[in-house]
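Okay, here's what each chain looks like letter by letter:
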Amino acid sequence: MVDAGIVARVRELRPLIRQNALRAEHDRRVPDEVVAALSGTGVHRMNVPARYGGYRTPLHTQVDVFAEIALACASTAWVTLSQAGVSYIAALFPDEAQDDFFTGPAGPDVRIGGTLVPGATAVPYDGGYRVDGASGFATGCHHADWHLLTATVVPADGRPQEGPPEILWLAVPMSELEILDDWDTTGLAGTGSNTVVARNISVPAHRVLPVAPMLAGSTPSKTNADDPFYRMPVLLLFCAWTAAAALGLGRAALTEFEERIHRRGITYTFHERQHEATVTHLQFAEAQLRISAAELVADRLIAEIETKARDGDPYTPLERSRIRAECGYLTRLCKEAVDLLASAAGASSLQRSVPLQRIARDINALTLHSFVNPATNLEIYGRVLSGVDPGTPFL
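As the structure is a prediction and not an experimental result, all values here were calculated from the model. (Residues numbered from 1 in each chain as written. Predicted model: local features only at pLDDT ≥ 70, side-chain atom pairs only at ≥ 80, totals over all residues. Heavy atoms only, no water.)

1. Here's the deal with the packing of aromatic side chains
Operational definition: Stacked, edge-to-face and tilted labels apply to pairs of Phe, Tyr and Trp rings (six-membered ring for Trp) whose centres lie within 6.5 Å, assigned for plane angles under 30 degrees, over 60, and everything in between, in that order. Going along the chain from the N terminus, every DSSP run of H or I of four or more residues is numbered as a helix, and every run of E of two or more is numbered as a strand. We call a residue buried when its accessible area falls under 20% of the maximum for its residue type, exposed when it is over 50%, and partly exposed in between, using a 1.4 Å probe and counting protein chains only. Note on criteria: charge over ring means Lys NZ or Arg CZ within 6 Å of the ring centre, with the direction from the centre no more than 35 degrees off the ring normal.
Scanning the entire structure with this criterion turns up eleven aromatic pairs. With a centroid separation of 6.3 Å and an interplanar angle of 85°, the aromatic rings of Phe137 and Trp183 are classed as edge-to-face. Taken together, the residues span a long stretch of sequence, with Phe137 in strand β3 (residues 128-138) and Trp183 in the loop between β6 (178-179) and β7 (194-203) at a distance of 46 residues. Judged by relative accessible area, Phe137 falls into the exposed class, the value being 55%. An aromatic cluster of three or more residues is present, and its members are Tyr52, Phe93, Phe101, Phe102 and Trp146. Seen from the ring of Tyr315, Lys308 lies directly overhead, with NZ or CZ sitting 5.1 Å from the centre.

And the structure:
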């Protein structure tokens, strides 16, 4: 079930999202009315199985959707893509858990958050687990219905663990978690990525997903295991979704800059309008070409992910590391374009009401994400190119 109109519906919300972007940054969370409006477009259904009313939206369309949101507000885009993306992971859980997620009060519009940072512990208990601990960077937690808590398994008898610890995703209703007020950042401030805390929460076995087998392509979901749509590797999907945020920010900076240069001059020069200056022509052209190059890289990696899912072809370590590197590289291209335009926008752009500096802050935050960081990703790709172990299982 593909909803071809979802990009248009999201695009219609851009004015609402944009006018609330500064408020989201100030309040450190996306406003309720923006979240509700986006839910009404069906954006959270894009990765939900069709049997629950989901769309199973093609990846390239998802990227278009998230980029449209990022054009108006990167924080809102990051929250939306994170929750819509985690719904993809939720569809890999056992079928009984999927019933819990997608047939609840919110139905297929359920908002599910989660991270891959194992800050909690899980102790086997009564066929399931008892979970304690914190999960940082819980994007969108204020509006989530569920959270996938990443935890390390600890033996019930307290004996030392032999070998690498097992890592689990455990689905917990947000109502059972405590939200700490610890998200206060200079970039992507509106994502509300606070820490959430579990205190001796019981999680039944059917709401548990082992992380390592899932990353290797194994899923306990009987109904989705052979579906080509759910053969796309989660970590590579994250590369594509991140590309959407970076491209949206880059395009937003181009739009804001184009509007500004026709309204203002260059102080202490004879240029009454910035768009008449040769230096502006060079800056604008350079930035546009960097965004265009980033778009080409994004198109290539998205097409590869979709093609391999359709054909059932496996990935080599070189292909996986290259896609992760491309994610970081295109994000860096977008950041370079944004930084160039922000530095050319004049001192008046430092006003908080001017979007261009917020765009610069947000894309700087995006490049600092540990999975997106351009330098780290290039190193991993270079290691594989050089015949060395990549040094990480997160490919």
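After presenting the structure, the write-up continues.
2. Some points on the UniProt feature "domain: Acyl-CoA dehydrogenase/oxidase N-terminal" (unreviewed entry) in the chain
The following threshold applies: UniProt positions are given in the numbering used here, feature names are shortened, and annotations may be inferred rather than shown by experiment.
As recorded in UniProt, the sites labelled "domain: Acyl-CoA dehydrogenase/oxidase N-terminal" (unreviewed entry) are residues 17-98. For residues 17-98, the helix share is 66%, the strand share is 0%, and the end-to-end C-alpha distance is 30 Å.

3. Some remarks on helix α5 (residues 59-72)
Going by this rule: A helix is expected to span 1.5 Å for every residue after the first.
In a regular helix each residue adds 1.5 Å, so 14 residues correspond to 20 Å; α5 covers 21 Å between its end C-alpha atoms and thus fits that length. For α5, the tally of buried residues reaches eleven of 14 residues, placing the bulk of the element in the interior.

4. Some remarks on helix α12 (residues 355-368)
Each full turn of the α-helix corresponds to 3.6 residues, which orients residues three or four apart in the same direction. With 14 residues, α12 ought to run about 20 Å at 1.5 Å a step, and its terminal C-alpha atoms sit 20 Å apart, in line with that. By the criterion of burial, α12 is predominantly enclosed, with eleven of the 14 residues buried. Within α12 the residues assigned to the buried category are Pro355, Leu356, Gln357, Arg358, Ile359, Ala360, Asp362, Ile363, Ala365, Leu366 and Thr367.

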